[in-house]
Amino acid sequence: MDEFEKEVKLDFLTEALQLLDDSEQAFLALEGDKNNADLMNQIFRLAHNLKGTSRAVGFGDVAEFTHEFENLILKLKEGQLEITDAIVSLLLECNDHVSVMIRMLNMDLNSRFDSKEIIEKIQSALSGNLAAAPPAPAASAHAEEQQQEEETISAEDIALLESFEQNLNAPAEVLTMEQKEKRAESFFPGEKTAAAPAPVAVQSEAKHDEHKKAAAPAKGNSEDDSIRVSLSRVELLNNVVGELVIIQTMLNQHRDEVENPTMLKSLSHLAKLSKEIQNISMSLRMVPLKQTLQKMQRIVRDTSKTLGKKVHLELVGEETEIDKTVLEHLADPLVHIVRNAVDHGLETTEGRLASGKEEEGRVTIKAFHEGNSMVIEISDDGKGINPKVIREKAIEKGVISANATMSDDDIINLIFHPGFSTKDAVSEISGRGVGMDVVKTNIEKLSGEVKVISEIGKGSVFKVILPLTLAIIEGMVTKIGEERYIIPLGQVYESLSPTPDIVHHVNGVGDCLKIRGEVLPLFKISKALQRNMAEKPLHEQIAIIVNSDERNFAVLVDDILHQQQVVIKKLGDEIKNQKGFMGSTILGDGRPAFILDLMELFAGSMKKKKTNFIDEMAA
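Residues numbered from 1 in each chain as written. Predicted model: local features only at pLDDT ≥ 70, side-chain atom pairs only at ≥ 80, totals over all residues. Heavy atoms only, no water.

## Considering the overall build of the protein
Looking only at helices and strands, the protein features 21 helices and 20 strands. By residue count, 44% of the 619 residues in the protein fall in the buried class. Within the protein, residue pairs in contact and separated by at least 24 positions form 70% of the contacts whose partners lie at least 6 positions apart. With an accessible surface of roughly 33,400 Å², the protein has 50% of that area assigned to carbon and sulfur atoms. (Helix = DSSP H or I, 4+ residues; strand = E, 2+ residues; numbered from the N terminus. Buried < 20%, exposed > 50% of the residue type's maximum accessible area, 1.4 Å probe, protein only. Contact = heavy atoms within 4.5 Å. Areas by Shrake-Rupley, 256 points an atom, 1.4 Å probe, with all protein chains shown as cover.)

Here it is in structure tokens:
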């Protein structure tokens with residue numbers, strides 16, 4: 001196989017995975033809207049595209065199976081077969097089968113597949129003899145079980161891997177451009193413009209009925225041309241743009257030294273262009289959460305049907321964008337939290353009716369930006385988490401001692417302890433005690449955190465907070481003593497001069513600011529960083545009010561120099577594990593400065609503060 005033929009096949013495999021994701025969402029939408037003709041037409045086009053293109057690039061086994069798959073969809077489209085839950089489960093199973101074939105072909109382009117068993121199911125469905133079967137499990141939903149079970153390798157697998165290894169070292173035939181064009185025409189007769197299938201644009205159409213908010217694909221009127229670019233090139237571009245921003249900052253600081261009007265105008269124009277380039281380069285790494293969140297529909301469907309529960313999933317903020325690197329590590333934690341919500345959080349149908357609730361449980365995934373962070377909330381309207389049950393189970397498993405004194409919040413957080421589970425028996429869905437541990441481990445690897453808010457009888461909320469990962473941020477340059485520090489602008493609510501009438505000292509707590517009836521703890525950055533600096537009188541300092549999830553607070557700085565865009569540089573090994581530092585940057589004069597994360601820097605101090613005095617002072 002020459003390089004051009006290989007490239008054409010790999011292009012198809014990449015686009016096929018996107019088509020399969022789109023078709024899965026369409027099948028899930030079909031279950032709730034069985035009479036949607038546009039949706040059936042969309043599904044048929046996806047299947048036809050897969051069949052035709054797979055045959056064109058030479059994947060015979062895929063083409064043979066998708067031909068049978070297309071026949072089933074055609075019968076449904078023409079109304080000759082009724083769309084039932086069993087049919088939808090079969091469609092999803094067929095979709096999974098094609099997905100497995102595509103992923104195996106990505107490993108070895110010469111892979112062969114036996115689809116006899118699932119084709120027999122299709123034939124049974126076509127003849128009207130399809131028996132009801134449990135839902136086909138989504139591949140990503142069983143990462144937990146796969147990690148726990150011992151894998152077996154067949155002789156066929158070994159032969160496949162040996163063949164794959166040999167192909168890696170096989171020399172590639174060099175083709176001229178003319179030969180490549182001829183080969184392209186042989187692959188795609190009658191087409192002269194492209195050697196690979198064009199990507200199909202599938203959009204999610206919002207529905208007014210709250211029970212149909214699971215996105216339904218709609219026809220796109222137009223689509224943008226796209227090319228694939230390696231992530232390393234995007235990172236290189238971001239690094240270069242970061243240096244450009246530094247140089248632009250240096251030029252702005254010396255702007256007063258320029259007298260030539262033409263030069264001043266050019267500097268202004270350069271600043272505008274630099275800003276545009278920066279925004280574009282930053283956006284290249286950002287991808288919407290839509291595809292990842294929509295995959296949770298399959299997880300909810302399969303888990304709820306296995307447990308015999310009725311569950312509706314609502315997605316909010318699908319278009320919220322996040323860094324691609326973060327998104328890649330976010331899928332597994334979301335899967336575990338969503339499955340946990342359906343399994344542990346929601347009651348059975350009988351239990352919900354006995355509690356006066358609707359028989360259909362609700363799980364909501366909401367994504368939004370909050371300050372300098374990306375927040376994803378997974379909530380359910382179930383029974384909530386009972387701290388007493390968690391405590392008893394933790395004592396039984398030896399996680400804590402019987403006489404341990406812990407708050408309800410600390411007890412609830414024990415669900416993240418490795419091996420902890422409230423289930424007495426291990427099932428296909430849960431009971432191993434590794435799911436929540438995976439959540440905590442993966443989120444912490446991204447320097448994020450998970451918070452749990454629960455109310456017995458009303459439900460629970462898992463709040464995943466991820467830090468800013470972009471290369472460039474808006475920052476406030478502050479001065480403390482002779483040193484300069486950057487405070488992310490997203491953490492700054494306001495700044496003011498602390499006058500004696502608003503500063504109060506509380507025994508056992510320390511200094512506080514009383515502003516508009518609200519009492520805020522007051523901290524010194526120099527003290528938190530353990531820097532010995534000459535302190536200015538209080539009325540000569542500036543108080544910066546910081547927005548925090550739990551309670552706003554204030555910090556003191558000597559001066560606010562200016563606001564500017566700064567490039568986040570990674571910290572060295574000596575300091576990267578120190579809390580309170582987001583990174584470092586190079587300022588306009590070429591000198592470095594630390595970027596502070598005030599929420600993390602003062603998190604420990606905030607926990608120590610007692611809040612019972614606030615109501616007394618505010619009264």
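## What to know about the nonpolar core
Core analysis: the biggest nonpolar cluster contains 45 residues, and Leu330 and Ile376 have the highest contact counts within it. Counting residues per element, this core draws most heavily on helix α13 (residues 331–345), at six residues. Setting aside chain neighbours within four positions, we find Leu330 in contact with Leu289, Ile322, Ile376, Ile443, Val464 and Leu466. Counting residues in each nonpolar core, the second largest holds 44 residues, with Val8, Leu39, Val98 and Ala125 among its members. (Core = buried A, V, L, I, M, F, W, Y, C linked by side-chain atoms within 4.5 Å.)

## A word on the sheet that holds strand β13 (residues 503–506)
One open sheet holds the six strands; their spatial order is β12-β16-β17-β15-β14-β13, and the pairing between them is mixed. For this open sheet the edge positions go to β12 (492–496) and β13, each flanked by a neighbour on one side alone. Pairwise comparison of adjacent strand axes, ignoring direction, gives a mean angle of 35° for this sheet. With five bridges connecting them, strand β16 (residues 542–546) and strand β17 (residues 553–557) associate as antiparallel partners. Opposite Ile545, over in β17, you have Ala554 as the bridge partner. (Pairing = 2+ DSSP bridges. Axes fitted to C-alpha atoms, helices over the stretch in contact; angles between N-to-C directions.)

## A short note on the pairing of strand β14 (residues 510–515)
As defined by bridge partners, β13 adjoins β14 across four bridges and the pair is classed as antiparallel. Each residue of the ladder has a partner; that of Val506, found in β14, is Gly510. Connecting the antiparallel pair β14 and strand β15 (residues 518–524) is a turn made up of two residues, with Arg516 showing a positive phi of about 50°.

## A look at empty space enclosed by the protein
Enumeration according to the criterion identifies four cavities of 30 Å³ or more in this entry. Approximately 100 Å³ is the volume found for the largest cavity. Sorting the residues of the lining of the largest cavity by element identifies α18 (525–528) and β17 as the ones contributing at least two each. Of the residues contributing to the lining of the largest cavity, the split by class is six nonpolar, two polar and four charged. Size it by volume and the second largest cavity reaches roughly 50 Å³. In terms of lining residues, the second largest cavity is bounded by Leu19, Leu20, Ser23, Phe27, Ile43, Leu46, Ala47, Leu50, Phe69, Ile73 and Asn95. At the level of elements, α1 (3–32), α2 (37–56) and α3 (60–77) are the ones that each hand at least two residues to the lining of the second largest cavity. Of the residues contributing to the lining of the second largest cavity, the split by class is nine nonpolar, two polar and no charged. (1 Å grid on protein atoms, 1.4 Å probe; cavity = no way out; pocket = protein on both sides within 12 Å on 5 of 7 lines; lining within 4 Å. Points joined across faces, edges and corners; volume = space filled by probe spheres on them. Nonpolar A, V, L, I, M, F, W, Y, C, P; charged D, E, K, R; others polar.)

## Let's talk about the packing of α1 against helix α4 (residues 85–107)
It is at 10 Å that the axes of α1 and α4 come closest, and there the two elements cross at 165°. As far as their axial angle goes, α4 and α1 are roughly antiparallel. Our pair here, α1 against α4, has a crossing hand that is left-handed. Across the interface between the two elements, Leu10, Phe12, Leu13, Ala16, Leu17, Leu20, Ser23, Glu24, Phe27, Leu28, Leu30 and Glu31 of α1 pack against Asp85, Val88, Leu91, Leu92, Asn95, Asp96, Val98, Ser99, Ile102, Arg103, Leu105 and Asn106 of α4. Each residue belonging to the contact of α1 with α4 can be placed in one class, and the counts come to 15 nonpolar, four polar and five charged. (Parallel < 35°, antiparallel > 145°, perpendicular 65-115°, else oblique. Left-handed = near helix turned anticlockwise from the far one by under 90°.)

## A few points about the sheet that holds strand β7 (residues 373–380)
In spatial order, the strands read β4-β6-β7-β9-β8; together these five strands make up an open sheet with mixed pairing. Bordering the open sheet on either side are β4 (311–316) and β8 (449–455), each of which pairs with just one other strand. Taken over all neighbouring pairs, the strand axes of this sheet differ in orientation by 15° on average, direction set aside. Against the sheet, helix α11 (residues 290–307) engages β4 and β6 (361–370), with an angle of about 170° to β4. Along the sheet face, α13 touches β4, β6, β7 and β9 (459–466) and points at about 20° away from the line of β7.

## Let's talk about the packing of aromatic side chains
Within this structure, the stated rule accounts for eight aromatic pairs. Relative to Phe59, the ring of Phe12 lies with its centre 5.9 Å away and its plane at 40°, an arrangement referred to as tilted. On the criterion of sequence distance, the pair formed by Phe12 in helix α1 and Phe59 in the loop between α2 and α3 is long-range, its members being 47 residues apart. Residue classification places Phe59 among the buried positions, given a relative accessible area of 4%. The rings of Phe27, Phe65 and Phe69 are connected pair by pair, giving a single aromatic cluster. A cation over a ring is seen here: Lys366 above Phe368, with NZ or CZ 5.4 Å from the ring centre. Just above the ring of Phe416 sits the side chain of Lys440; from NZ or CZ to the centre is 5.8 Å. (Phe/Tyr/Trp six-rings, centres within 6.5 Å; stacked < 30°, edge-to-face > 60°. Lys NZ or Arg CZ within 6 Å of the ring centre and 35° of its normal.)

## A closer look at a nonpolar patch on the surface
On the surface, Leu237, Ile280 and Leu284 cluster together into a nonpolar patch covering about 270 Å² of accessible area. Residue Leu237 is classed as partly exposed on the basis of its relative accessible area, which comes to 37%. (Patch = residues over 30% accessible without salt bridge, like charges linked within 9 Å, V, L, I, M, F, W, Y side chains within 5 Å. Salt bridge = Lys/Arg side-chain N within 4 Å of Asp/Glu carboxyl O.)

## With respect to the confidence of the model for the protein
Overall, the predicted model of the protein reaches an average pLDDT of 77, with 78% of residues at or above 70. Contacts of residues 136–222 to residues separated by more than four positions or lying in other chains number 138 contacts, the stretch itself having pLDDT below 50. Scored below 50 in pLDDT, residues 610–619 makes 13 contacts in the model with residues more than four places away or belonging to other chains. (pLDDT = per-residue confidence, 0-100.)

## Description of unusual backbone geometry
Positive phi is not limited to glycine here, since Arg516 has a value of about 50°. Looking at the secondary structure, you find Arg516 in the loop between β14 and β15. Relative accessible area serves as the criterion here: at 65%, Arg516 is assigned to the exposed category. Here the phi dihedral of Gln530 falls at roughly 55°; this positive angle occurs in a residue that is not glycine. With respect to the helices and strands, Gln530 occurs in the loop between α18 and β16. With relative accessibility at 71%, the residue Gln530 sits in the exposed group.

## Some words on the pattern of salt bridges
For the structure on display, the rule yields 21 salt bridges. A salt bridge links Glu31 to Lys305; its shortest N-O distance comes to 3.6 Å. Of this pair, Glu31 sits in helix α1 while Lys305 is found in helix α11, placing the two residues 274 residues apart along the sequence. With a relative accessible area of 17%, Glu31 lands in the buried category. For Lys305, a relative accessible area of 33% gives the class partly exposed. Close ionic contact of Lys51 with Glu70 constitutes a salt bridge, the shortest N to O distance being 2.8 Å. Of this pair, Lys51 sits in helix α2 while Glu70 sits in helix α3; the two residues are 19 residues apart in sequence, bridging distant segments of the chain. Across the pair, Glu70 and Lys51 agree in class, each one buried. Taken together, the salt bridges that share partners define one network made up of Glu24, Glu31, Asp85, Asp96, Arg298, Arg301, Asp302 and Lys305.

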